[in-house]
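This is what each chain is made of:
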Amino acid sequence: MKLSIIVPCYNVENHILRCLNSLVNQDLDPADFEIIVIDDGSSDNSIALVNEFIAKNKNTMLYTQENRGLGTVRNRGIKLAKGDYIYFIDSDDYLASKTMNIILDHSIKNDVDILGFQTTLTEELNLYKSKTDNLIDKTNVSTGIEFMLKSKLHRSEAWWYLLKREFLISTGHIFEEGKFMEDIVFTFRILTDAKRFMFLPIDAHRYVKNPDSIMNNESQKHLTKLIEGYISMVFR
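Residues numbered from 1 in each chain as written. Predicted model: local features only at pLDDT ≥ 70, side-chain atom pairs only at ≥ 80, totals over all residues. Heavy atoms only, no water.

Draft legend 1. Region of the structure containing the overall build of the protein chain. Scanning the protein chain from N- to C-terminus turns up eight helices and nine strands. For the protein chain, the C-alpha radius of gyration of 17 Å lies close to 18 Å, the compact-globule estimate for 236 residues. Structurally, the protein chain occupies a C-alpha span of about 45 × 45 × 35 Å along its principal axes. Expressed as a percentage of its 236 residues, the buried residues of the protein chain come to 50%. (Helix = DSSP H or I, 4+ residues; strand = E, 2+ residues; numbered from the N terminus. Rg over C-alpha atoms; globule rule 2.2 N^0.38 Å. Buried < 20%, exposed > 50% of the residue type's maximum accessible area, 1.4 Å probe, protein only.)

Written out as structure tokens, the structure reads:
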């Protein structure tokens, strides 16, 4: 199997099917990839919707657990993954059509540890056409450190890159559990260790501005916890 896509799921009944449907519209043979949905204790209709999707897409699996947070979900996904490459996507985001096949093909051909790509911040929920029309300019392989030093294109989230599973396992890196912004520390650490990194200038990911997301919660209690999380993250 070439690719494992890990999708955390927590009370996202208004978003999960859009995300999942975008993952199967990628010009990939269903036998070449798996979708691993891990529900983190949802209390809405998310699980029922995922099961409806699974009935039509046999390469999708659902795992459930009590609420333990995003870091724990992603770490479980890493253990379950069977693909040569791993991709993390948030359940309220989605992919432009027919882009992941190009991303995966470049990852395999260039034998990279990590391959990054472009994202678009949007409120639109049907922005499926890629702005780059899948036309890729010349790309170069570098180390992750060289990329971070020379480029302004890197981000801290976990959804703008593909990871070689063998590389991830060999480094021993996992997501911190029970903390905010666990993907910032994770991303910095894996980029630091990557010997073969490539950035592909393809417009693929859709970062949906979701007012219900954890980063948009504006309660005083949550904002205080978020500030404490940022301070802790800087020291880590």
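Still to come is the rest of the account.
Draft legend 2. Quick look at helix H2 (residues 46–56). Taken together, the buried positions of H2 are occupied by Ser-46, Leu-49, Val-50, Phe-53 and Ile-54. Taken end-on, H2 shows its buried residues confined to a sector of 145°, consistent with a single buried face. Exposed residues pointing more than 90 degrees away from the buried face of H2 are listed as Glu-52 and Ala-55. Elements that come into contact with the buried residues of H2 comprise strand S1 (3–9), helix H1 (16–23), strand S2 (33–39) and strand S3 (60–64). (Arc of directions from axis to C-beta. Contact = heavy atoms within 4.5 Å.)

Draft legend 3. Seen up close, the pairing of S1. The buried fraction of S1 is high, at seven of seven residues. Side chains Leu-3, Ile-5, Val-7 and Cys-9 of S1 all project onto a buried face; the interleaved residues Ser-4, Ile-6 and Pro-8 project onto the opposite face, where all are buried too. For the crossover that starts at S1, traverses H1 and ends in the parallel S2, the hand is right-handed. For S1 and strand S4 (residues 85–88), the ladder comprises four bridges, and the chain directions are parallel. Its bridge partner lying in S4, Leu-3 is registered against Tyr-85. (Right-handed = clockwise from strand over helix to strand, strands pointing away. Pairing = 2+ DSSP bridges.)

Draft legend 4. Highlighting the packing of H1 against H2. Orientation of H1 relative to H2, taken along the N-to-C sense of each, is 25°, at an axis distance of 10 Å. Here H2 runs roughly parallel to H1, going by the angle between their axes. For the pair H1 and H2, the crossing hand works out as right-handed. From H1, Ile-16, Leu-17, Leu-20 and Asn-21 reach across to H2, where they touch Leu-49, Val-50 and Phe-53. In the contact of H1 with H2, the residues fall into six nonpolar, one polar and no charged. (Axes fitted to C-alpha atoms, helices over the stretch in contact; angles between N-to-C directions. Parallel < 35°, antiparallel > 145°, perpendicular 65-115°, else oblique. Left-handed = near helix turned anticlockwise from the far one by under 90°. Nonpolar A, V, L, I, M, F, W, Y, C, P; charged D, E, K, R; others polar.)

Draft legend 5. Structural view of the packing of aromatic side chains. Evaluation of the coordinates by the stated rule reveals twelve aromatic pairs. Look at Phe-175 and Phe-186: their rings are 3.8 Å apart centre to centre, the planes differ by 15°, and that puts the pair in the stacked class. Taken together, the positions of Phe-175 in the loop between helix H6 (165–171) and helix H7 (182–193) and Phe-186 in helix H7 put the pair eleven residues apart, joining distant regions of the chain. Both residues of the pair, Phe-175 and Phe-186, count as buried. Through pairs of rings, three or more aromatic residues link up here, namely Phe-147, Trp-160, Tyr-161, Phe-197 and Phe-199. A cation over a ring is seen here: Arg-74 above Phe-175, with NZ or CZ 5.1 Å from the ring centre. (Phe/Tyr/Trp six-rings, centres within 6.5 Å; stacked < 30°, edge-to-face > 60°. Lys NZ or Arg CZ within 6 Å of the ring centre and 35° of its normal.)

Draft legend 6. Inspection of the pattern of salt bridges at higher detail. This structure, assessed with the given rule, holds ten salt bridges. We note a salt bridge from Arg-74 to Asp-90, for which the minimum N-O separation is 3.0 Å. Taken together, the residues span a long stretch of sequence, with Arg-74 in helix H3 (residues 70–80) and Asp-90 in the loop between S4 and strand S5 (94–95) at a distance of 16 residues. This pair shows no difference in class: Arg-74 is buried, exactly as Asp-90 is. (Salt bridge = Lys/Arg side-chain N within 4 Å of Asp/Glu carboxyl O.)

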